[in-house]
Amino acid sequence: MSEAAIQTYTRADEAFDCLQTAIVKGDLVPGEKIGEVELCSRFNLTRGPLREALGRLESRGLLVRRPHAGVKVVSVSAEELLELYRIRETMEGLAARQAAERMTDHEIADLQATLDTHEKMIEQAQGQAYYQAEGDYDFHHRIATGSRNAKLAQMLLGDLYYMVRMYRYRLSTSSGRPHLALGEHRRIAEAIAQRDGELAEFLMKRHINAARRNIEQKIQEGVLTI
């Protein structure tokens, strides 16, 4: 992080990052009711920054506020989650095709370097998890922005992006899945580097389809409760 960024990183930013990570990693589970006093104690936060962070999380669709029911972590039904993945399959396939056509050589090199970083993180987690921070640290985020399709990126990186991140991490902790997902990411990146848009689209759609089938299996087995 640059010096300027450090200087502008506020306590509210810290609270926001802390809670968003807790939601993505499942420390705050979908549907969980949360209160300010408990959050302050649990995450060592103060009221002012916490309230600002909660507002930002609500605007991202990660928290929902219901009259007389308070604030809860957003949750979706199994069918809604599967539909989200069907939408991603089509949209991210197109993003991968256009990224192959439009990303610069430097952006592709950065994409591949990001995957090298991910591999080290997976090894540190002993192959048990594949956590991607948001933005440029996220493989899917880089491809969406690299597509140079503003409308497509807006749809992929809006509420859909933050909602899906909640479940991507939970699914990445499946046995063997982190290394499988990384391998799929590397093949997609290679197709983009070869400027083969058709192959990049095919591989991305197959990658997300595999993730959706993994969800279906885990729901059937009762391993993933939604």
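Residues numbered from 1 in each chain as written. Predicted model: local features only at pLDDT ≥ 70, side-chain atom pairs only at ≥ 80, totals over all residues. Heavy atoms only, no water.

Within an unreviewed UniProt entry, the label attached to the protein chain reads GntR family transcriptional regulator, and the organism entered is Marinobacter halophilus.

What follows covers the confidence of the model for the protein chain. A residue-level look at the protein chain finds 92% of positions with pLDDT of 70 or above and a mean pLDDT of 88. Segment residues 1–6: pLDDT under 50, and 1 contact once partners within four positions in sequence are set aside and those in other chains are kept. (pLDDT = per-residue confidence, 0-100. Contact = heavy atoms within 4.5 Å.)

What follows deals with the UniProt feature "domain: HTH gntR-type" (unreviewed entry) in the protein chain. As recorded in UniProt, the sites labelled "domain: HTH gntR-type" (unreviewed entry) are residues 9–76. In residues 9–76, helix accounts for 53% and strand for 15%; the two terminal C-alpha atoms are 32 Å from one another. (UniProt positions renumbered as here; feature names shortened; annotations may be inferred. Helix = DSSP H or I, 4+ residues; strand = E, 2+ residues; numbered from the N terminus.)

Here the domain parsing of the protein chain yields domain 1 (11–73) and domain 2 (78–221). Contact with domain 2 buries surface across domain 1, with V24, K25 and R60 losing the most and accounting together for 53% of the total. Counting across the domain 1 and domain 2 interface gives 0 salt bridges. Our count for the contact surface shared by domain 1 and domain 2 stands at 1 residue pair in polar contact (both at pLDDT 80 or more). Looking at the side of domain 1 that touches domain 2, the element that brings in the most residues is helix α2 (residues 11–25), giving 5 residues. (Domains from an automatic or database assignment. Buried area = accessible area lost by both parts, 1.4 Å probe. Salt bridge = Lys/Arg side-chain N within 4 Å of Asp/Glu carboxyl O. Polar contact = N/O pair within 3.5 Å; in protein donor to acceptor, adjacent residues only side chain to side chain.)

Moving on to the side chain of Q98. Here Q98 lies in helix α5 (residues 78–102). Judged by its relative accessible area of 11%, Q98 falls in the buried class. When sequence neighbours within four positions are dropped, the list of residues in contact with Q98 reads M103, G146, S147, N149 and L152. (Buried < 20%, exposed > 50% of the residue type's maximum accessible area, 1.4 Å probe, protein only.)

What follows covers empty space enclosed by the protein. Summed over the entire model, instances satisfying the criterion amount to 2 cavities of 30 Å³ or more. Its volume calculated, the second largest cavity comes out at about 80 Å³. Lining the second largest cavity are R88, E92, H140, H141, A144, L156, L157, L160, Y161, V164 and R168. Those elements that place two or more of their residues in the lining of the second largest cavity are α5, α7 (139–146) and α9 (159–172). When residues of the lining of the second largest cavity are assigned to their parent elements, the largest contribution, 4 residues, is made by α9. Within the lining of the second largest cavity, the residues separate by chemical class into 6 nonpolar, 2 polar and 3 charged. (1 Å grid on protein atoms, 1.4 Å probe; cavity = no way out; pocket = protein on both sides within 12 Å on 5 of 7 lines; lining within 4 Å. Points joined across faces, edges and corners; volume = space filled by probe spheres on them. Nonpolar A, V, L, I, M, F, W, Y, C, P; charged D, E, K, R; others polar.)

The next point concerns the environment of T104. When you line up the elements, T104 lands in the loop between α5 and α6 (105–124). Along the sequence, T104 and A193 sit 89 residues apart, while their C-alpha atoms lie 9.4 Å from each other. In contact with T104, not counting residues within four places along its chain, are R148 and R195.

Right, let's get into the pattern of salt bridges. Within the structure shown, the criterion is met by 16 salt bridges. Note that D13 is salt-bridged to R56, the shortest N-O span being 2.9 Å. With D13 in helix α2 and R56 in helix α4 (residues 47–59), this pair connects stretches of sequence that are 43 residues apart. A relative accessible area of 18% places D13 in the buried class. With a closest N to O distance of 2.9 Å, R186 and E119 form a salt bridge. Placement of the pair is R186 in helix α10 (residues 177–193) and E119 in helix α6, with a sequence separation of 67 residues. A residue is classified by how much of its surface remains accessible, and R186, at 28% relative accessible area, is partly exposed. E119 sits in the partly exposed class, given a relative accessible area of 35%.

So, on to α10. Here α10 contains 17 residues, and its C-alpha end-to-end distance of 24 Å stays within 8% of the 24 Å for a straight helix at 1.5 Å per residue. R177, P178, A181, L182, G183, E184, H185, I188, A189, A191 and I192 are the residues of α10 that are buried. Remark: R195 follows α10 within two positions and exhibits a positive phi of approximately 60°. (Expected span 1.5 Å × (residues − 1).)

This structure, assessed with the given rule, holds 1 aromatic pair. Summarising the aromatic geometry, the rings of Y161 and Y162 are spaced 5.0 Å apart at their centres and angled 75° between planes, so their arrangement reads as edge-to-face. Of the two residues, Y161 and Y162, both sit in the buried class. Over the face of the ring belonging to F16 we find R56, whose NZ or CZ atom lies 4.2 Å from the ring centre. Residue placement shows R88 over the ring face of Y85; its charged tip is 4.9 Å from the ring centre. (Phe/Tyr/Trp six-rings, centres within 6.5 Å; stacked < 30°, edge-to-face > 60°. Lys NZ or Arg CZ within 6 Å of the ring centre and 35° of its normal.)

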